[in-house]
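Remarks on the overall topology
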Amino acid sequence: MKDLNPYILALHCAAHRLALAAAHVICACICASISSLINFALQASKDVSWVAAPFRSTLEELGRWIHALPDRFAIWKKFRDETGEDGLVIKSPSDTRWLTVNFSCQALKTSLVTTAKTLHSLRKSDATAFGMLHQILSAKYLTLLLTFCDALPALSMLSQTF
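Throughout what follows, the structure given in this document is the object of discussion. (Residues numbered from 1 in each chain as written. Predicted model: local features only at pLDDT ≥ 70, side-chain atom pairs only at ≥ 80, totals over all residues. Heavy atoms only, no water.)

Our next topic: the overall build of the protein. Within the protein one finds 8 helices and 0 strands. Ordered by position from N to C terminus, the α and β elements of the protein give α-α-α-α-α-α-α-α. Taking all 162 residues of the protein together, the buried fraction comes to 35%. Long-range contacts, defined as pairs at least 24 residues apart, comprise 67% of the intrachain contacts of the protein with a sequence gap of at least 6. Counting only carbon and sulfur atoms, one obtains 62% of the accessible surface of the protein, whose full area is about 9500 Å². (Helix = DSSP H or I, 4+ residues; strand = E, 2+ residues; numbered from the N terminus. Buried < 20%, exposed > 50% of the residue type's maximum accessible area, 1.4 Å probe, protein only. Contact = heavy atoms within 4.5 Å. Areas by Shrake-Rupley, 256 points an atom, 1.4 Å probe, with all protein chains shown as cover.)

Here the focus is the packing of aromatic side chains. Inspection of the entire model under this criterion finds 3 aromatic pairs. Taken together through their ring pairs, the aromatic side chains of Phe-55, Tyr-141 and Phe-148 make up a single cluster. Over the face of the ring belonging to Phe-79 we find Lys-78, whose NZ or CZ atom lies 4.7 Å from the ring centre. (Phe/Tyr/Trp six-rings, centres within 6.5 Å; stacked < 30°, edge-to-face > 60°. Lys NZ or Arg CZ within 6 Å of the ring centre and 35° of its normal.)

Counting residues in each nonpolar core, the largest one holds 26 residues, and the members touching the most others are Phe-55, Leu-62, Trp-65, Cys-105, Leu-108 and Leu-119. When residues of this core are traced back to their parent elements, those giving at least two are helix H3 (49–68), helix H5 (98–110), helix H6 (112–122), helix H7 (127–136) and helix H8 (139–161). Among the elements that take part in this core, H8 stands out by supplying 7 residues, more than any other. If we ignore the near neighbours within four places in the chain, the residues touching Trp-65 are Arg-72, Thr-118, Leu-119, Leu-122, Asp-126, Thr-128, Ala-129 and Met-132. (Core = buried A, V, L, I, M, F, W, Y, C linked by side-chain atoms within 4.5 Å.)

What follows covers the packing of helix H4 (residues 70–83) against H6. As a packed pair, H4 and H6 sit with axes 8 Å apart at the nearest point and diverge in direction by 130 degrees. As summarised for this structure, H4 and H6 are arranged oblique, according to the angle between their axes. Pair H4 / H6 crosses with right-handed handedness. When H4 is examined against H6, the residues Arg-72, Ile-75, Trp-76, Phe-79, Arg-80 and Thr-83 are found in contact with a partner set consisting of Val-113, Thr-114, Thr-115, Lys-117, Thr-118, Ser-121 and Leu-122. A per-class count over the contact of H4 with H6 returns 5 nonpolar, 5 polar and 3 charged. (Axes fitted to C-alpha atoms, helices over the stretch in contact; angles between N-to-C directions. Parallel < 35°, antiparallel > 145°, perpendicular 65-115°, else oblique. Left-handed = near helix turned anticlockwise from the far one by under 90°. Nonpolar A, V, L, I, M, F, W, Y, C, P; charged D, E, K, R; others polar.)

Let us now look at the pattern of salt bridges. Following the criterion strictly, the structure yields 2 salt bridges and no others. In this structure, Glu-60 and Arg-56 form a salt bridge, with 4.0 Å as the shortest nitrogen-oxygen distance. With Glu-60 and Arg-56 both in helix H3 and 4 residues apart, this pair spans about one turn of that helix. Judged by relative accessible area, Arg-56 falls into the partly exposed class, the value being 21%. Asp-126 is the salt-bridge partner of Arg-72, the closest N and O atoms lying 3.4 Å from each other. Of the two residues, Arg-72 is situated in helix H4 and Asp-126 in the loop between H6 and H7; the sequence distance between them amounts to 54 residues. (Salt bridge = Lys/Arg side-chain N within 4 Å of Asp/Glu carboxyl O.)

With relative accessibility at 14%, the residue Asp-126 sits in the buried group. Looking at Asp-126, its side chain comes within polar contact range of the side chain of Trp-65, at 3.0 Å. (Polar contact = N/O pair within 3.5 Å; in protein donor to acceptor, adjacent residues only side chain to side chain.)

Turning our eyes to something else, we now look at the side chain of Ser-111. Its place among the elements puts Ser-111 in the loop between H5 and H6. A relative accessible area of 0% means that Ser-111 is categorised as buried. Those residues in contact with Ser-111 that sit more than four places away from it in its chain are Trp-76, Glu-85, Gly-87, Leu-88 and Ile-90.

Our next topic: the environment of Leu-146. Its location among the elements puts Leu-146 in helix H8. Put simply, Leu-146 and Gln-106 are 40 residues apart on the chain and 8.9 Å apart in space, counted from C-alpha to C-alpha.

Okay, here's the thing in structure tokens:
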């Protein structure tokens, strides 16, 4: 656009600016806090792409996967009833809205046992379920999930303010 009009001004909306700024701050904070506790965070402090891409893509894929077939969702609901979890339904988060990322993280945290049981029950017949089960139960993923569950409510409040 600048090539066509050198005087053009590009302005991001408030939600997009918040998303961009928060992504950088969260990645830096996560890397700083985890590095003293977990050995693999040293790698993350050099390249935080594993925070943004794989964590979010697994969360998105999980949300889509559960809702893709009514049978899967019925299995998820059956396990939720059995475990007695207050689990929220996991939805795929938006790229620029911290509210949806927060909601997705909180939903996975509150329904982690239900989700893990669902994935475990389908792991032999569904390769995606097998992969996601190992992903969400890894120490790295659980650490990020709990960190995001603590950090994102504040960002969500900021997002609602703007």
